[in-house]
Every structure is written in C-alpha cells, then in structure tokens.
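# Summary of structural features
Listed here are the chains, written in short residue letters.
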Amino acid sequence: MLLSIYLNDHLAGATLGRELSRRAAGSNRGSSYGPFLENLAREVHEDRETLLEVMRTLDVGVDRLKVAGAWGAEKLGRLKPNGRLTGYSPLSRVVELEGLTLGVRGKLAMWRALELVQSEHPALHGFDFAALAARAERQQEGLEEQRRAACAEAFRAES
C-alpha cells in the first residue's frame, strides 16, 4: 500500500516534469539551451514510461486524480509573473530550470529507493535502477550547468 502511494506521488511529479520539460524545450528551441532541453524532455518522458512500467510490473494502479492534478499544476505555473507582460523572459528560463532540477532530484531519490527494495520485490529484478539513478545524476549536472548560464544571462541583463 505505501509503495503504491509513493509510486503514484512520483508519477504525478513525473507528469509535471514531463510537461515542464516539454514547455522549456519548446520555449528554448533555436537557443543555446535548446539541444540540452530537447534531450532532457525526451529522457524525462522515457523515465516516466519506465515508472509506469514499474507500476504495471508491481500491479499498482494509476491514481488519475493525482496525475491530472499535477498536469493542471504545471499549466497554472505558467501564470507566474516573469517580468514581462506577455511572453517568455530570461527569468522564465531560470525558474523552469530550477523546477526541473527539483524534479530530477526527486526522481533520483525514487530510483535509489527502488534499488534499495528491489531484492524484496522479485518482479523488479528486470530494472536497472542504478543506471536510471546515474542518468538522473547526469541530468542534474547538466541542469546545473544550464541553470548557472541562465542566471548569469538573466541577472546580468538587469544591470
């Protein structure tokens, strides 16, 4: 029961992360941030699919209300003031990168938790949680590099 709740909470977070990563990739297409964010969006989608596969393997149902709530929360997050009346701003990029960083940190914690209990759930033996955690660590490193560049760009422009 607790694992089911835990996985559904992470599925909600993964849904929010998928939507946010897609939005960030789309908003940054053609910029120096674009290639990284497009790759990240693809990987975030793949990781969400892997989580769904883990849930199916464990016969954990999807809490559609949590997933829909996370999807809606990401859409509402777009209404946050960003220093411009309309459109994308350098602050939008910083906030999106920081949000994605938080999501990836949570995903990393989940993969590590699943790796810890993998021996107690034989159905999970087909998953390489160590590799998934290593990918999340690489994503974190890339996000930090992009975030630092975006902060320098956004806040230097104010001076």
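The coordinates are above.
The structure reproduced in this document is the subject of the present report. If you're wondering where the values come from, they're calculated on a predicted model, not measured in any experiment.

This part is about the pattern of salt bridges. According to the stated counting rule, one finds 14 salt bridges in the structure shown. A salt bridge links E46 to R135, with the shortest nitrogen-to-oxygen separation between them at 3.0 Å. You can see E46 sitting in helix 2 (residues 34–57) and its partner R135 sitting in helix 5 (residues 129–156), a full 89 residues away along the chain. On the basis of relative accessibility, which here comes to 30%, the residue E46 falls in the partly exposed class. The salt bridge partner of R147 is E144, with a shortest N-O separation of 2.9 Å. Within this pair, R147 and its partner E144 are both found in helix 5, separated by three residues, close to a single helical turn. Overall, the relative accessible area of 19% leaves R147 in the buried class. The exposure class of E144 is partly exposed, given its relative accessible area of 30%. One network of salt bridges, with partners in common, ties together R42, E46, D47, K107 and R135.

Let us now look at the environment of A25. The residue A25 is located in helix 1 (residues 2–27) in this model. Take A25: its relative accessible area is 4%, and that puts it in the buried class. In the structure, A25 is positioned 68 residues away from R93 in sequence and 10.0 Å away in space, judged by C-alpha atoms.

Before going further, it helps to examine the nonpolar core. Counting residues in each nonpolar core, the largest one holds 35 residues, and the members touching the most others are L7, L37, L51, W111, L114 and F129. Sorting the residues of this core by element identifies helix 1, helix 2, helix 4 (90–117) and helix 5 as the ones contributing at least two each. Discounting residues that sit within four places of it in the chain, F129 has contacts with V54, W111, L114, E115, Q118 and L124.

In this section: a nonpolar patch on the surface. On the surface, a cluster of nonpolar side chains totalling about 390 Å² of accessible area is made up of M1, L2 and I5. Looking at the element boundaries, M1 is found in the segment before helix 1.

A word on the packing of aromatic side chains. All chains considered together, the criterion is met by two aromatic pairs. On the numbers, 5.7 Å between centres and 20 degrees between planes, the contact of F127 with F129 is stacked. As far as burial versus exposure is concerned, F127 and F129 are alike and both buried. The rings of W111, F127 and F129 are connected pair by pair, giving a single aromatic cluster.

What counts and what doesn't
Residue positions are given per chain, counted from 1 along the sequence in the order it is written. Per-residue local features of the predicted model are confined to residues with pLDDT of at least 70, and side-chain atom pairs are confined, for both listing and counting, to 80 or more; whole-chain, interface and lining totals are unaffected and use all residues. In computing side-chain values, all of the structure's heavy atoms are included and hydrogens and water are not. The working definition used for a salt bridge is a side-chain nitrogen of Lys or Arg within 4 Å of a carboxyl oxygen of Asp or Glu. Note on conventions: DSSP H or I runs of at least 4 residues are helices, E runs of at least 2 residues are strands, and numbering of each starts at the N terminus. Burial here depends on accessible area, computed with a 1.4 Å probe over protein chains only, as a share of the maximum for the residue type. Under 20% is buried, over 50% is exposed, and the range in between is partly exposed. What makes a nonpolar core is a set of buried Ala, Val, Leu, Ile, Met, Phe, Trp, Tyr and Cys residues whose side-chain atoms join them at distances within 4.5 Å. Contact definition: two residues touch when any of their heavy atoms are within 4.5 Å. Residues with no salt bridge and a relative accessible area higher than 30% make up the patches, which join like charges within 9 Å and nonpolar side chains (Val, Leu, Ile, Met, Phe, Trp, Tyr) within 5 Å. Residue exposure ignores everything except the shown protein chains as possible cover, and the areas themselves are Shrake-Rupley values with a 1.4 Å probe. In summary, the pairing rule links any two rings of Phe, Tyr or Trp, Trp by its six-membered ring, whose centres are within 6.5 Å, and it sorts them by plane angle into stacked for under 30 degrees, edge-to-face for over 60 and tilted for everything else.

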